[in-house]
Amino acid sequence: MGRRFILRPVKEFSVPVEAEKIKPDVFAGKSLEELKGLTMYEGNRKCRLEELFHIEEEEVEGDNVEIFLEGDFGKVWRIGEGMTFGEIVINGNCGHFTGYGMKGGKITIKGNAGSWLGGEMKGGTIEVFGNAGDHVGAVLRGLKKNRGMKGGIIIIHGNAGAEVGAKMSKGFIAIGGNCGVLPGLYMSGGTILIRGDCQGKAGARMSGGKIIICGNAGGVLPTFYIDSIVPKVKAKKEKIEGPFYLFLGDVLEDIKCMGRLFINVDKNPELVKVKELLGGEVE
Amino acid sequence: MELLIKNGFVYDPLNGINGEVLDIGVKNGKIVDPSEIDVSKAKIIEAKGKVVMPGGIDMHTHIAGPKVNAGRVMMPGDHYTSFMKLAKGVHRSGTGKRTPSTFLAGYRYARMGWTTVAEPASPPLKTRHTHEELNDVPMLDKLCFLLLDSNRILLEYLSQGDLHKFKHAIMWLLEAMKCYAIKLVDPGVAVPWSWGKGYGMDFDDQIEPYGLTPREIVVNHAKVNEELKLPHTIHVHCNKLGIPGNYETTLKTMDAVSGIAQDDFSIHVTHVQFNSYMGDSWFDLRSGSEKIADYVNKHSHVSLDVGQIDFGTAITMTADAPFEFALYHLARWKWAGAEVENEAAAGIVPFKYKKKNMVNTIQWCIGLEVMLLVEDPWKVILSTDHPNGAPFTRYPKLIALLMSKKYREEIMKKLSRKGLKRSVLPSIDREYTLYDVAIVTRAAPAKLLGIHEFKGHLGMGADADIAIYDLNPEEVDFSKDYVKVKEAFGKTLYTIKGGEIVVKDGEVVKEVFGETIAVKFKERPDPEVVRDMEAKFRKYYTISFSNYAIHDGEIRKLKYMTCG
């Protein structure tokens, strides 16, 4: 029999709650009484789970472990950190580090997500119906290249903040809305799809992978070379109609220029001059 | 507070005690005869079947100063994985692995049983910062070496041949900066580096515009060091560090100062591992440790510390700026460079030593080879050049490696075979005894630093800095049970600093602050020279001369050693 847990906050949190224990790996195999006694930190105070959340259990079909979080979890951090299976559904906002380093399973967020959503992720799926904060799928500061996202899928229907997919090496991030500066900073593999606009500096120091910007890119860094104009581009089995400028870079990071940056031609009239470099005529 | 440590196996090489079962009494922060202790009042530590040693001394560890601070800023990644929690009323919190915060550095040293350290490179202008940080390092007695090799004022005096001014300027600087010894880093290299040159500068190359060679700089500093009767010799990081074929330069440097001090050491060559490479390029690199060890065995004026590397992450920081710039192009991650007005230049590059890498394997072998091939352990000191070779927290592992051939073989299985073929380590059978370990980590550094009257031994009147390890030399076979050695040295049973128990069972139980030891001369610096320096200072520097010297009150606990 599958198990479904429903958690509701007891109160409005004023300080962050470190909730790395809210994940199916911990919940599976524990009775409700044991779960109520789980210790976690609210600010610097150690307390039991039942002091922070009401918890209920239901039985569902199948053998999955599901955790439903109802209410505002905006101050609750590290939900599903390092989870490997099961499902978490958040009906509301969630805080920073949601799904950090997760290896499998699924997280669905109906509200907004905080920063570092799915950072250092290795597998699984995260879907956000609201907006996400900065550093989606990125790595904590100061760590080496290739330490970022290594697999899995992040889908954001709203907007995202700065440094999406920083230092990622594999995996797929799709943003339905706009994003901030520096998407794909230091990335060495994987795909970032931005359906809206970007504030600029896309692909700074990238040495591999693919960034697709369907809206306005806010300019291209001078360290990228124009390669060609392509009619359409493939992103995770989906064909996205262009046409797109294809830039290669970043020459500062790697002389081989293995990173590919696709920018929509129609939405970026200020880039029209690069057509001269391709030998075409400028209208 | 009175203490009585009973029935421990005492290892005290400065007094020639090798594993005898003795009692040790501590009263008012000093070691006294056990009969003077009032047993009814004193706290008695039963050390039966345990090893009792003097507190460890690390004579080359970068734990304070502006470049360490820059290193901390560069390594935020360490903060997530390495930290110590606050214990209210006992000790503070801290973070950092390769470059721990000042407090954490003190706690970690104390937990291993080390009680005295030397910060080996501080440019005069930045020494105020170094002392501010050293003030914050708990549990340890501190020394600070002054970086003088590229000081433009000194170089001017030297190029004019004015040795009187040269000597008195050094005197004034050492006293004003509250430092202990002279440090020379790649002598003279900061001058050409101002023009972006200087990488690979050899011992007899000219330094423009002064018309000097590193040889003259080293020899003259050694002479002045001898004239001033400084307790430590000159502390030299040789030219061409980290460049294949540099063992010749190291030998030249050692040879240049032979005979300057009669029947005594006249040079301390630091982190010699980085200076013992044979071969023309990285591809045909070979270990030059035999040549270095051979020279040291035959001569009595050279002491060494190894600067052993350990596999894993480290962060290289040195005042040898051109080398760091070259290393940055190898490592391709982060680099910071800085220049201190007229005095020095420095660089910082994080680096990872890899087991399967041929060069790193050879480097690892060289350090151990030097330790094992130099016959007299009083001439060679264990160090990792923290954080350049490895963090100082690897000392227990290195001690275990020195004491066990089996452990070395165990690790060598995982290393690059090509690298091992070019090293002599696989053929060395020597294993250190516990007495040898006590020499290379305690007695010899105390002797070389000239603090052996009150540190590094357990005789009457010495400072009560004691480490007690949970290791029974009668039961444990060190060459087989290396894991036990590693564990025992990693966490002391008790660390006693200044007569107080600061660490118990590997946990910090009390925070104390040690002294900063500085030299003072009987002879006063010539006022004429100081006036001359002031005039030059006004011309060259951005701050005023009166703000340059450090006052006694700026240091938490200052202890002068009079010399001359």
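Conventions adopted
- Residues numbered from 1 in each chain as written.
- Chains lettered and ligands numbered in written order.
- Predicted model: local features only at pLDDT ≥ 70, side-chain atom pairs only at ≥ 80, totals over all residues.
- Heavy atoms only, no water.
- Core = buried A, V, L, I, M, F, W, Y, C linked by side-chain atoms within 4.5 Å.
- Buried < 20%, exposed > 50% of the residue type's maximum accessible area, 1.4 Å probe, protein only.
- Contact = heavy atoms within 4.5 Å.
- Helix = DSSP H or I, 4+ residues; strand = E, 2+ residues; numbered from the N terminus.
- Polar contact = N/O pair within 3.5 Å; in protein donor to acceptor, adjacent residues only side chain to side chain.
- 1 Å grid on protein atoms, 1.4 Å probe; cavity = no way out; pocket = protein on both sides within 12 Å on 5 of 7 lines; lining within 4 Å.
- Points joined across faces, edges and corners; volume = space filled by probe spheres on them.
- Nonpolar A, V, L, I, M, F, W, Y, C, P; charged D, E, K, R; others polar.
- Buried area = accessible area lost by both parts, 1.4 Å probe.
- Salt bridge = Lys/Arg side-chain N within 4 Å of Asp/Glu carboxyl O.
- Patch = residues over 30% accessible without salt bridge, like charges linked within 9 Å, V, L, I, M, F, W, Y side chains within 5 Å.
- Areas by Shrake-Rupley, 256 points an atom, 1.4 Å probe, with all protein chains shown as cover.
- Lys, Arg positive; Asp, Glu negative; His and termini not counted.
- Charge placed at Lys NZ, Arg CZ, Asp CG, Glu CD.
- Phe/Tyr/Trp six-rings, centres within 6.5 Å; stacked < 30°, edge-to-face > 60°.
- Lys NZ or Arg CZ within 6 Å of the ring centre and 35° of its normal.

Turning our attention to the nonpolar core. Y180, L304 and W364 of chain B are the most contacted members of the largest nonpolar core, which has 166 residues in total. Discounting residues that sit within four places of it in the chain, W364 of chain B has contacts with Q308, I309, D310, F311, L401, R408, I411, M412, L415 and L425 of chain B. Core analysis: the next-biggest nonpolar cluster, separate from the first, contains 63 residues, V17, F27, I79 and I226 of chain A among them.

The next thing to look at is the side chain of K334 of chain B. Mapped onto the secondary structure, K334 of chain B falls in the loop between α11 (321-331) and β18 (336-340). Looking at K334 of chain B, its side chain comes within polar contact range of the main-chain oxygen of G142 of chain A, at 3.2 Å. Among the polar contacts made by the side chain of K334 of chain B, one reaches the main-chain carbonyl oxygen of M74 of chain B at a distance of 2.7 Å. Those residues in contact with K334 of chain B that sit more than four places away from it in its chain are G142 of chain A together with M74, M75, P76, Y328, I348, V349 and P350 of chain B.

This part is about the layout of surface pockets. Rolled over the atoms, a probe with the dimensions of a water molecule shows which regions are left empty. Residues and elements named next belong to chain B. In this model, the largest pocket occupies a volume close to 1300 Å³. For the lining of the largest pocket, the secondary structure elements donating two or more residues are β17 (312-318), α11, β19 (344-353) and α12 (358-373). Broken down by element, the lining of the largest pocket gets its largest block of residues, 8 residues, from α11. Broken down by class, the residue content of the lining of the largest pocket amounts to 24 nonpolar, 13 polar and 13 charged.

Okay, α11 of chain B next. Listing the buried residues of α11 of chain B in full gives A321, P322, F323, E324 and L327 of chain B. Just downstream of α11 of chain B, R332 of chain B is the residue with a positive phi angle, here 50°.

This next bit is on the interface of chain B and chain A. Between chain B and chain A, the residue contacts involve 7 residues of the former and 7 residues of the latter. Across the interface of chain B and chain A, roughly 620 Å² is buried in total on both sides, 53% from carbon and sulfur atoms. Our count for the chain B to chain A interface comes out at 0 salt bridges. Here the side of chain B that touches chain A is built from residues that sort into 3 nonpolar, 1 polar and 3 charged.

Time to look at helix α3 (residues 102-112) of chain B. Residue and element names in this part refer to chain B. With 10 of 11 residues buried, α3 is to be regarded as a mostly interior element. Turning to α3, its buried residues are T102, F103, L104, A105, G106, Y107, R108, Y109, A110 and M112. Backbone geometry just downstream of α3 places G113 in the positive-phi region, at approximately 95°.

The grouping of K355, K406, K413, K414 and K486 of chain B at the surface amounts to a positive patch. Within the secondary structure, K486 of chain B sits in helix α17 (residues 482-490).

Let's shift gears to the packing of aromatic side chains. All names here are of chain B. The full count for this structure, using the stated rule, is 25 aromatic pairs over all chains. Their ring planes at 25° and their centres at 5.7 Å tell us that Y328 and W335 sit as a pair that is stacked. Note on Y328: relative accessible area 25%, which makes it partly exposed. Judged by relative accessible area, W335 falls into the partly exposed class, the value being 34%. Residues F537 and Y548 carry aromatic rings whose centres are separated by 4.5 Å and whose planes lie at 55° to one another, so their mutual orientation is tilted. One end of the pair, F537, is in helix α18 (residues 527-540); the other, Y548, is in the loop between α18 and β26 (558-563), and 11 residues separate them in sequence. When sorted by exposure, F537 lands in the same class as Y548, which is buried. In this structure an aromatic cluster arises from ring pairing among W172, F537, Y541, F545 and Y548. Sitting over the ring of W114, R442 keeps its end group 5.0 Å from the ring centre.

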